[in-house]
Amino acid sequence: MKKTGLGWSDVTPKHLWLNRRAVMAGAGAALLAGPAMAKLTYSPSRFSTTEAPNSLEDITTYNNFYEFGTGKEDPARNAGALTTDPWSITIDGMVEKPGTYDLADILKDQPLEERIYRFRCVEAWSMIVPWIGFELSGLLNRVGVQPSAKYVAFETLVRPEEMVGQQSPILEWPYREGLRLDEAMHPLTILATGLYGEEMPKQNGAPIRLVVPWKYGFKSIKSIVRISLTDQQPQTTWNMLQPSEYGFYSNVNPNVDHPRWSQASERRIGAGLFAGRQDTLMFNGYEEEVASLYAGMDLAVNY
Ligand code: MTE
């Protein structure tokens, strides 16, 4: 599945990945076994924020993952039941090479990188997360997007025996999300297979989840089993449930409030009781990179 004869280690300055490996060897390299961590040679990214990441504990104990319950502590409590290996992803619709691909095979081709991103939930809290992942565009280019495709649709696994939240109709399963094709191809959009240099914790969407840092967190769909290229705007879980509150775009926008609360500010998880709220940034601080995708659009209408 290689596009050139070069491997990732050939195109990454050696000191970067050697340092990284040395650091990780000391920090529990045993945890890196398994298909999601098939490549250990990743480099830091020019797209990373310099803000200090949240603690691993914050990131893994305060979660939204309704397949495992609606409470923030439910995913940490219940997600251990999920079998994540073997894992495959069906890629279908308007692609040149549709199929069901083993995650291990997909990862053989994609250069893993650390991306420290701001993550802003629609509920007006935020975190800084050091993801490990690769650009979604790399995978889409690998399977070949047909010219007629305009959107990418994503689905999460349905397995109520292991996903206790799916035993109730709290949402219409599977959890669904979608992006316009240009959003999906943007270099900031990644598929993440880990965080803090380790395999993805199950409560955060193991073994592979989307991360779209300029959009509210619910767009970042977890435990993906299907990616479909289409010419129709896909249905998305929260929009299906409450269209007046959750639009298709869901770009972080401090100037467009949610009908029931303000989006102008946010609470940084883990900052402490007296830290106060901070201003929410347009496109979550990624305005320079992504504003052009929405040139000429009324963002109060396309929320
Ligand atoms: N993906 C699935 N499959 N199910 C979910 O309930 N919740 C979303 C998103 N992806 C969700 C999901 C929401 S509302 C948020 S804020 C983020 O996951 C939370 O990601 P985190 O738990 O890694 O912080």
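Treat the numbers as computed from the prediction; the structure is a model and nothing was measured. (Residues numbered from 1 in each chain as written. Predicted model: local features only at pLDDT ≥ 70, side-chain atom pairs only at ≥ 80, totals over all residues. Heavy atoms only, no water.)

1. Examining the overall build of the chain
Put simply, the test is: Only DSSP runs of H or I reaching four residues or more are called helices, and only runs of E reaching two or more are called strands; each is numbered from the N terminus. Buried means the residue's accessible area, taken with a 1.4 Å probe over protein chains only, is under 20% of the maximum for its type, while exposed means over 50%, and partly exposed covers the values in between.
Looking only at helices and strands, one finds 9 helices and 13 strands in the chain. Within the chain, buried positions represent 54% of all 303 residues.

2. Here's the deal with helix α6 (residues 136-143)
Among the 8 residues of α6, 6 are classified as buried, and the element is accordingly described as predominantly covered. Those residues of α6 that sit buried are L136, S137, G138, L139, L140 and V143. Looking one or two places after α6, you find G144, whose phi comes out positive at around 80 degrees.

3. Re the sheet that holds strand β6 (residues 151-156)
As a reminder, the rule being used: We treat two strands as partners when DSSP finds at least two bridges between them. The axes used here are C-alpha line fits, helices contributing only the stretch in contact, and every angle between their N-to-C directions lies in the interval 0 to 180 degrees. Working rule for contacts: check all heavy atoms of both residues, and any pair within 4.5 Å makes them a contact.
Ordered in space as β3-β2-β11-β6-β7, the 5 strands form an open sheet in which the pairing is mixed. This sheet does not close on itself; its edge strands, each paired only once, are β3 (99-102) and β7 (176-180). Across the sheet, the axes of successive neighbouring strands diverge by a mean angle of 20 degrees, strand direction being ignored. Summarising the sheet, β6 and β7 pair through 5 bridges and their orientation is antiparallel. Residue V152 lies in a different strand from β7, and its bridge partner there is L179. Helix-sheet contacts for α6 involve β2 (88-93), β3, β6 and β11 (224-230), and the interaxial angle to β11 is about 65 degrees.

4. Looking at the site of the ligand
Put simply, the rule reads: For this description, a residue counts as near a given molecule or strand if any of its non-hydrogen atoms is within 4 Å of it. Values of accessible area rely on a 1.4 Å probe in the Shrake-Rupley scheme; residue burial ignores everything except the protein chains shown.
In the vicinity of the ligand there are 16 residues, among which N63, Y66, E67, T156 and K222 approach most closely. Here the ligand, which alone exposes 530 Å², has 98% of that area covered by the protein.

5. Details of the environment of Q263
Selection criterion: Think of a polar contact as two N or O atoms within 3.5 Å of one another; within protein, one of them needs to be a possible hydrogen donor and the other a possible acceptor, and neighboring residues in sequence only count if both atoms come from side chains.
Examined against the element boundaries, Q263 turns out to sit in the loop between α8 (237-241) and β12 (265-268). As for Q263 and N253, which are separated by 10 residues in sequence, their C-alpha atoms are 6.9 Å apart. What Q263 contacts, discounting residues up to four positions off in sequence, is R120, V122, A124, Y216, N253, P254, V256, D257, H258 and T280. A distance of 2.9 Å separates polar atoms of two side chains, one belonging to Q263 and the other to R120.

6. Focus on the environment of L107
When you line up the elements, L107 lands in helix α5 (residues 103-109). Separated by 27 residues in sequence, L107 and F134 have C-alpha atoms that sit 8.8 Å apart.

7. Re the pattern of salt bridges
Where charged atoms of side chains with opposite charge meet at close range, the side chains can pair. This is how it is decided: Salt bridges are defined as contacts in which a side-chain nitrogen from Lys or Arg sits within 4 Å of a carboxyl oxygen from Asp or Glu.
As enumerated under the stated definition, the model contains 18 salt bridges in all. Note that K108 and D105 form a salt bridge whose closest N and O atoms lie 2.8 Å from each other. One end of the pair, K108, and the other, D105, are both in helix α5, 3 residues apart, so they sit about a helical turn from each other. Between E245 and R260 there is a salt bridge, with its nearest N and O atoms 2.7 Å apart. Here the residue E245 occupies a position in the loop between α8 and β12, and R260 occupies one in the loop between α8 and β12, the gap between them amounting to 15 residues. The buried category is assigned to E245, whose relative accessible area is 13%.

Functional significance is not addressed by these values, which are geometric in nature.
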